[in-house]
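# Results of the structural survey
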Amino acid sequence: MKHPLRNPFVYIVMIIPTLILYSLFFIYPMLTSSYYAFTDWNGLDVYKFIGFDNFIKVFSDSDFIAAIKNNMYFILFSVGLQVPLIIFFALLIANVKRFQRLYKTTVFIPSILSTSVIGILWGFVLHPNIGPVNSFLGIFGIEPIFWLADEKWALPAILVVNAWQWVGFYIVLVLAAILALPKEMNEAAEIDGATGLQRAWYLTVPLIKPIISVVVMLSIAGAMRVVDIVLVMTNGGPVGSTEVMASYLVNEAMGVNPSYGLGTAISLIIFAFALVLTAIYQLTFGKTKE
Amino acid sequence: MKKMLMTVIMFVLVSTTVLAGCGNNGGNNKPAGTNNGNEATPTPTPTTEVKKAEPFTVSLRHIQIGEAQKFRKAILDDVVAKTEAEVEGLTFELDGVEDSVNRFTKLPAEMAAGNPPKIFDLFGGAGDALKYGAAGRLLDLAPILTELGLSDSFLNLDQFTQDGKVYGLPIGGNTEGFYYNEDLFAQLGIAEPTTFEELEKAAQTLTDNGYTAFAMGSKGAWVPAMLVNTLIGRYAGPESISGFPAGTAKFNSPEVVAAFAKYEEWLKKGYFTKGELGFEYADMLNEFVGGKAGMMFDGSWRSSVFSDEAQAGALTNKVGFFSMPAVPGGVGDQTFVNGNYSNGYGFSSDLTEQELVAVKAFIKNLYSEEMQLRGLLEDGLLPSIKLSADSTSKVEDKIVKKVISIMGASGGAFSHFDSTVTSAVYKEAEDQVLKLIAGKETAQSVGDKIQAVQDTQ
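Residues numbered from 1 in each chain as written. Chains lettered and ligands numbered in written order. Predicted model: local features only at pLDDT ≥ 70, side-chain atom pairs only at ≥ 80, totals over all residues. Heavy atoms only, no water.

### Quick look at the overall build of chain A
- Of the regular secondary structure elements, chain A holds 13 helices and zero strands.
- In chain A, the succession of helices and strands from N to C terminus is α-α-α-α-α-α-α-α-α-α-α-α-α.
- Here the C-alpha radius of gyration of chain A, 24 Å, is well above what a compact globule of 290 residues would show, namely 19 Å.
- By principal-axis analysis of the C-alpha atoms, chain A measures approximately 80 × 75 × 30 Å.
- Burial analysis of chain A (290 residues in total) assigns 41% to the buried set.
- In chain A, the share of contacts with a sequence separation of at least 24, taken over all contacts with a separation of at least 6, comes to 64%.
- Computed over 16 positive and 16 negative side-chain charges, the separation of the two mean positions in chain A equals 16 Å. (Helix = DSSP H or I, 4+ residues; strand = E, 2+ residues; numbered from the N terminus. Rg over C-alpha atoms; globule rule 2.2 N^0.38 Å. Buried < 20%, exposed > 50% of the residue type's maximum accessible area, 1.4 Å probe, protein only. Contact = heavy atoms within 4.5 Å. Lys, Arg positive; Asp, Glu negative; His and termini not counted. Charge placed at Lys NZ, Arg CZ, Asp CG, Glu CD.)

The structure is reproduced here in structure tokens:
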């Protein structure tokens, strides 16, 4: 009994509780609930096995196809616009000498607020009659825009609000990576005559590529599971123009005509989508040389 | 040997941890009903005797939140206080939830999980009370009504009754119609419309003068669906509403499509609030009270707002009410009104003996002549139980008087179709009405699509 921790049995026995609890409260419910995806369970009546009917129904619904497209817009917006902005602002903040902490705190604040608060707050900001955005545009003679009631504006408005909420979090993440880089490298490049832009592009960005990769991954995962901001601001409307897969799931699984079987099928589809997309990213752009 | 001893000790430790985690408290926790609804929960034997008055709580979900519901909330508070005083040990736990959140989100989830509140706001009809009742989630109130002597008191329990069982009790009755701004009408020389032509002329005059003809907040589809429903009752006849599930009426018949087409025509003429798809029900009231809209289609339940200066402001006592006029070429009796006894309270079938006593006392106190009359006088809510002529003669509010006279002069009432058709059909109807507003569907395609879902039921 001198070295019990050298005994492999001890380790096996010690992980058993976690394995049991994990299986009991995660694996088992996940597997059993997955079964409901193949039933017509509405939460009340006796359900019957209906095979792939729920999946066929979902993919035959043009509203769900539109929801998938909207999720793709979230991904494109996050990766194509948000990530470059995150890097840009992180580089800017990293190079300021004064009030750096103030900037860090300021950009981080939105990400600690509840999404409900943000949704209601921006609902007021974007209000067509009394919102400050339209009041400002009115100065230039622009007619009030129905930001959340007009099909062409509702999704862009939500994309911007969602980005506003999360960029700060990612900026702090990237900033931490930049500040961890050895200063000597930057100074050496400066002595060699590299401009600020060159140093950022050829030195800093390549060195923080692993953290950028993580940010992109998190952005994709976040865009796939986005739902709360949509539900609070538009509930998927007007007429489904801001519907994403998860809000479609909520509206089908609950709401006027609840169908938990269908809802479970949609959740499996979202899971599969997220898995495939992150795998594709990891196998392509996410690969980093050791 | 030491290895073996260590392994055994660890195994015992692990087993103890897991078993401790899996234990239950031996209390009253009942496994959540997971699915099939075949497990009808046994209804406790009605009794009014409690052996031991131990403190207990009863959850009560209501929808009386916000300024517009303050009168109804005050009545509920008084009923709660009275019931708590009568039943020893009882404390109600009030849970105020927004109407549509309760109806479409919380309650369905709680019903599926088998843990609804003990008393809760409930809508009647196929999509709500009757569905939950059939699944064994609701208390059958028929024996309790007999016990309390209330069996013949209610004016209409149709939307809560199935196979002789009563699954809920309406708190009041209502009709839907147009509220109008009397000052604005006088200013623009518009008289209260008595014909459909006059109604449309009034809408056009308001629009021409820069006002919204009909305030509308369509973020929740049920709001425009109220008006669509009433137009259907006029164009396709009062029998059409109950005829949809029976198959005697079709959503894509020319008469029903005519109702959708009229709504579409009004949309194109710009009679409704601009950007209505982004506005809530409360925004609709704000627009009307703010004097930006001449008319608002809503239920008679909203009338108390217009006699309360804190809510109606400059419009206090300056609002009139009229029912949807007869439409030219409309089918059936055009004096019928859109009338409902569909919203009230339901009770969980899972009650202890003490909770059942509390439920009975709650019913006795809420559905009393005193509280129903208060609802009528203070809140403008039409009573759901029969009141004496002496009681109803006390009504002074002009809108309530008008509502009573409209209902008295009507040939009968047709209900809202959300209480007759299945949830799937109603969901499709809501989706299609919103698409009609957005200009993504036409009157005919809306009718076709709703009927397609109806055909699958």
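### Some words on the UniProt feature "transmembrane region" (unreviewed entry) in chain A
All names here are of chain A.
- Using the residue numbers shown here, the UniProt feature "transmembrane region" (unreviewed entry) corresponds to residues 9–31, 72–94, 106–125, 163–181, 201–224 and 260–281.
- Secondary structure content for residues 72–94 is 100% helix and 0% strand, while the C-alpha to C-alpha distance between its ends is 31 Å.
- Helix and strand shares over residues 201–224 are 96% and 0% respectively, and the end C-alpha atoms of the span are 30 Å apart. (UniProt positions renumbered as here; feature names shortened; annotations may be inferred.)

### Some remarks on the interface of chain A and chain B
- Counting residues at the interface gives 39 residues for chain A and 39 residues for chain B.
- Where chain A meets chain B, there are three salt bridges.
- Between glutamate 151 of chain A and lysine 440 of chain B there is a salt bridge, with the nearest N and O atoms lying 3.3 Å from each other.
- Those elements that provide at least two residues to the side of chain A that touches chain B are helix H1 (8–36), helix H11 (228–233) and helix H12 (245–253) of chain A.
- With nine residues, H1 of chain A is the single largest residue contributor to the side of chain A that touches chain B.
- Counted by class, the side of chain A that touches chain B contains 27 nonpolar, eight polar and four charged residues. (Salt bridge = Lys/Arg side-chain N within 4 Å of Asp/Glu carboxyl O. Nonpolar A, V, L, I, M, F, W, Y, C, P; charged D, E, K, R; others polar.)

### Observations regarding the pairing of strand E10 (residues 319–322) of chain B
All names here are of chain B.
- Neither face of E10 is open: one carries Val319 and Phe321, the other Gly320 and Phe322, and all of them are buried.
- Across four bridges, strand E7 (residues 172–181) lies against E10 in antiparallel orientation. The residue of E10 that forms the bridge with asparagine 181 is valine 319. (Pairing = 2+ DSSP bridges.)

### Thoughts on unusual backbone geometry
- Following glycine 237 of chain A, the chain continues to proline 238 of chain A via a peptide bond in cis, the omega torsion being -5°.
- With respect to the helices and strands, proline 238 of chain A occurs in the loop between H11 and H12.
- With phi around 40°, valine 239 of chain A is a residue other than glycine that occupies positive phi space.
- Within the secondary structure, valine 239 of chain A sits in the loop between H11 and H12.
- According to the relative accessible area criterion, valine 239 of chain A is buried, its value standing at 12%.
- For asparagine 317 of chain B, which is not glycine, the phi dihedral falls at a positive 60°.
- Along the chain, the position of asparagine 317 of chain B falls in the loop between helix H12 (309–312) and E10.
- Owing to a relative accessible area of 48%, asparagine 317 of chain B belongs among the partly exposed residues under this scheme.

### Topic: a nonpolar patch on the surface
All names here are of chain A.
- On the surface, a cluster of nonpolar side chains totalling about 520 Å² of accessible area is made up of Ile109, Ile112, Leu113, Val117, Leu121 and Trp164.
- Mapped onto the nonpolar patch, the elements with two or more residues apiece are helix H4 (100–112) and helix H5 (115–125).
- With respect to the element layout, leucine 113 can be found in the loop between H4 and H5. (Patch = residues over 30% accessible without salt bridge, like charges linked within 9 Å, V, L, I, M, F, W, Y side chains within 5 Å. Areas by Shrake-Rupley, 256 points an atom, 1.4 Å probe, with all protein chains shown as cover.)

### Description of the side chain of serine 323 of chain B
- Relative to the assigned elements, serine 323 of chain B resides in the loop between E10 and strand E11 (337–340).
- Apart from residues lying up to four places away in sequence, serine 323 of chain B is in contact with Gly177, Arg234, Val337 and Ile406 of chain B.

### Considering the pairing of strand E3 (residues 119–123) of chain B
Residues and elements named next belong to chain B.
- Here E3 lies mainly inside the structure; five of its five residues are buried.
- What you see with E3 is no split at all: Ile119, Asp121 and Phe123 on one side and Phe120 and Leu122 on the other are buried throughout.
- Summarising the sheet, strand E1 (residues 56–62) and E3 pair through two bridges and their orientation is parallel. Bridging across to E3, leucine 60 finds its partner in isoleucine 119.
- In the sheet, E3 pairs with strand E12 (residues 343–347) via five bridges, with the strands oriented antiparallel. Among the inter-strand pairings, phenylalanine 123 is bridged to a residue of E12, identified as asparagine 343.

### A word on the confidence of the model for chain A
- In this model, chain A carries an average pLDDT of 90, and 98% of its residues clear a pLDDT of 70 or more.
- Mean pLDDT values for the elements of chain A range from 87 in helix H8 (residues 183–191) of chain A up to 95 in helix H2 (residues 53–60) of chain A. (pLDDT = per-residue confidence, 0-100.)

### Some points on the packing of aromatic side chains
- As enumerated under the stated definition, the model contains 43 aromatic pairs over all chains in all.
- Seen in terms of ring centroids, phenylalanine 88 of chain A and phenylalanine 89 of chain A are 5.5 Å apart; in terms of plane orientation they differ by 70°. Their pairing is edge-to-face.
- The class for phenylalanine 88 of chain A is partly exposed, based on a relative accessible area of 46%.
- Residue classification places phenylalanine 89 of chain A among the partly exposed positions, given a relative accessible area of 37%.
- Members of the aromatic cluster, connected to one another through ring pairs, are Phe178, Tyr180, Phe185, Phe196, Phe214, Tyr235, Tyr263, Trp266, Tyr271, Phe272, Phe297 and Phe322 of chain B. (Phe/Tyr/Trp six-rings, centres within 6.5 Å; stacked < 30°, edge-to-face > 60°.)

### What about the environment of lysine 398 of chain B?
Residues and elements named next belong to chain B.
- With respect to the element layout, lysine 398 can be found in helix H16 (residues 398–409).
- Relative accessible area serves as the criterion here: at 37%, lysine 398 is assigned to the partly exposed category.
- For the pair lysine 398 and serine 303, spaced 95 residues apart in sequence, the C-alpha separation works out to 9.4 Å.
- Discounting chain neighbours no more than four positions away, the residues touching lysine 398 are Glu182, Asn317, Lys318 and Val319.
- A polar side-chain atom of lysine 398 sits 2.7 Å from a polar atom in the side chain of glutamate 182. (Polar contact = N/O pair within 3.5 Å; in protein donor to acceptor, adjacent residues only side chain to side chain.)

### Considering the nonpolar core
- Core analysis: the largest hydrophobic core is formed by 124 residues, its most contacted members being Met295 and Phe306 of chain B.
- The next biggest cluster of nonpolar side chains, apart from the first, holds 63 residues, and it includes Ile75, Ile87, Ile266 and Ile269 of chain A. (Core = buried A, V, L, I, M, F, W, Y, C linked by side-chain atoms within 4.5 Å.)

### Description of the packing of helix H7 (residues 196–208) of chain B against helix H10 (residues 254–268) of chain B
All names here are of chain B.
- Orientation of H7 relative to H10, taken along the N-to-C sense of each, is 25°, at an axis distance of 11 Å. If you check the angle between H7 and H10, you find them roughly parallel. Considering how the two elements wind past one another, H7 and H10 form a crossing that is right-handed. Facing H7, whose interface residues are Phe196, Leu199 and Glu200, H10 presents Lys262, Glu265 and Trp266. (Axes fitted to C-alpha atoms, helices over the stretch in contact; angles between N-to-C directions. Parallel < 35°, antiparallel > 145°, perpendicular 65-115°, else oblique. Left-handed = near helix turned anticlockwise from the far one by under 90°.)

### Topic: the sheet that holds E12 of chain B
All names here are of chain B.
- Ordered by their spatial adjacency, five strands build an open sheet running E2-E1-E3-E12-E6, and the pairing between neighbours is mixed. Every interior strand has two partners, whereas the edge strands, strand E2 (90–96) and strand E6 (169–170), have only one.
- Sheet contacts for helix H13 (residues 353–366): E1, E2, E3, E6 and E12; angle to E1, the most-contacted strand, approximately 45°.

### Here we look at the packing of helix H8 (residues 222–235) of chain B against H10 of chain B
All names here are of chain B.
- Contact geometry for H8 and H10: axes closest at 8 Å, N-to-C directions at 135°. With respect to H10, the axis of H8 lies oblique. In the packing of H8 onto H10, the handedness of the crossing is right-handed. Residue-level contacts link Pro224, Leu227, Val228, Leu231, Ile232 and Tyr235 of H8 to Glu255, Val256, Ala258, Ala259, Phe260, Lys262, Tyr263 and Trp266 of H10.

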